[in-house]
Amino acid sequence: MATLWRMADATLACALLAATGAAAADPGPGAQSPPASPTVFAPGTISGPAHDSAPAFTTDGDTVYFTRSNAAQSTIVVSHRRDGRWSEPEVAPFSGEWNDMEPAFAPDGSWLVFVSNRPGSAGQAPIEATYNGSTQKGGNLWRVERRGRGWGEPERLPDAVNPNTSTFAPSIAADGSLWFMSTDPARGKFRLYRSQLRDGLYETAKPLPFSDGSATDVDPAVAPDESFVVFGSGRKPGRGIDLFIAFRDGDAWAEPVWLGDRVNSLGSDAEPRLGPDRATLYFSSERVVPVAFPRTREQARIDGVRMLAWDDGNYNIWSVSLRPWLPRVQPIAPALSQP
């Protein structure tokens with residue numbers, strides 16, 4: 001499938017996508033250029049016909065773990081970059097037995113946190129949860145350590161960062177503190193939470209002040225120094241789930257900024273992650289490449305090959321530079337004293 005896509009006219013596809021970039025959110029003072037249009041990541045290999053999301057890169061950028069899923073299953077897979085090309089993904093050594101998703105590396109790459117519905121201990125049932133109006137596969141956060149070129153055995157994290165069975169989308173700060181999403185007990189909507197790691201122990205997670213439960217907030221991707229966070233939200237302009245960025249000012253957080261309709265599409269845009277350079281944003285989107293009609297039969301063939309390879313309206317992984325926004329960030333202390 002990947003080979004077929006590379007034979008198609010990828011340049012034309014990207015040009016068509018770029019042509020759809022309309023207005024973009026103002027990156028604010030200090031920005032040096034307008035936002036670029038996103039580009040699809042490794043089409044036909046990493047971005048394939050299934051739902052592909054939540055990439056977690058090793059520090060050298062040459063290995064990526066990500067979620068591959070459909071309505072029945074979710075698995076963490078791994079791909080390696082060799083000679084400039086990404087390998088066909090394989091099931092990660094710590095995944096496959098249960099419903100696993102959303103890997104997140106610690107900034108130093110020595111350990112990883114992911115979501116799983118696996119039982120908390122032997123003999124228990126897999127986790128279920130009720131959210132979005134139905135009973136679904138649940139999730140808790142699990143940690144797994146690097147062991148040379150391999151991995152240790154996953155261990156469930158404590159209740160301080162697993163407040164219920166609807167705990168998803170971990171992101172790890174440089175000091176080991178954890179950000180994640182979980183349902184608000186009062187309103188039932190997803191909110192963003194943060195747990196401070198202090199003396200090797202996680203403190204009880206607290207909601208972020210800009211995530212008050214009035215709108216659905218999901219999938220935090222926090223900078224290692226916690227100077228900013230990118231996340232998905234159903235807040236205004238209210239087109240579904242769009243991507244926003246919020247900046248920290250001392251111990252306070254500024255109002256989140258919508259990333260605009262060059263980065264966001266009319267479908268769902270979620271699962272943001274920062275690349276190894278901390279300035280490239282990877283995210284998942286339901287967008288498809290526009291098709292211009294009338295078209296030639298040859299263009300129809302190319303469009304069909306692309307559709308079978310990845311461009312089918314399921315989540316694919318896209319990337320875009322965050323640099324137009326990042327000049328707003330000021331030097332700050334490495335950790336928050338209060339969430």
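Anything mentioned here points back to the structure above.
Description of the structure in this document. (Residues numbered from 1 in each chain as written. Predicted model: local features only at pLDDT ≥ 70, side-chain atom pairs only at ≥ 80, totals over all residues. Heavy atoms only, no water.)

**Let's talk about the sheet that holds strand β19 (residues 206–207)**
Sheets are built from strands that pair by backbone hydrogen bonding, the pairs being arranged parallel or antiparallel. Overall, antiparallel pairing links the four strands, which are arranged β14-β15-β16-β19 in an open sheet. Every other strand in the sheet has two partners, leaving β14 (167–172) and β19 as the edge strands with one partner each. Here two bridges tie strand β16 (residues 190–195) to β19, and the two strands are oriented antiparallel to one another. Within β19, the residue paired with Arg194 across the bridge is Lys206. (Pairing = 2+ DSSP bridges. Helix = DSSP H or I, 4+ residues; strand = E, 2+ residues; numbered from the N terminus.)

**Overview of unusual backbone geometry**
Of note, the amide linkage connecting Lys236 to Pro237 takes the cis form, showing an omega dihedral of 15°. With respect to the helices and strands, Pro237 occurs in the loop between β21 (228–233) and β22 (242–249). For the bond running from Phe293 to Pro294, omega is -5°, close enough to zero to count as cis. Relative to the elements of secondary structure, Pro294 occurs in the loop between β26 (280–285) and α4 (297–309). Its identity is not glycine, yet Asp83 carries a phi of approximately 55°, on the positive side. Considering the arrangement of structural elements, one finds Asp83 in the loop between β4 (74–82) and β5 (85–86). Even without being glycine, Asp219 reaches a positive phi, approximately 60°.

**Structural notes on the sheet that holds strand β27 (residues 316–321)**
Strand order in the open sheet made by the four strands is β1-β27-β26-β25, with antiparallel pairing throughout. A strand with exactly one partner marks an edge of an open sheet, and here the two such strands are β1 (39–40) and β25 (269–274). Examined bridge by bridge, β26 and β27 share six bridges and lie antiparallel to one another. Bridge assignment links Thr280 to a residue of β27, and that residue is Ser321.

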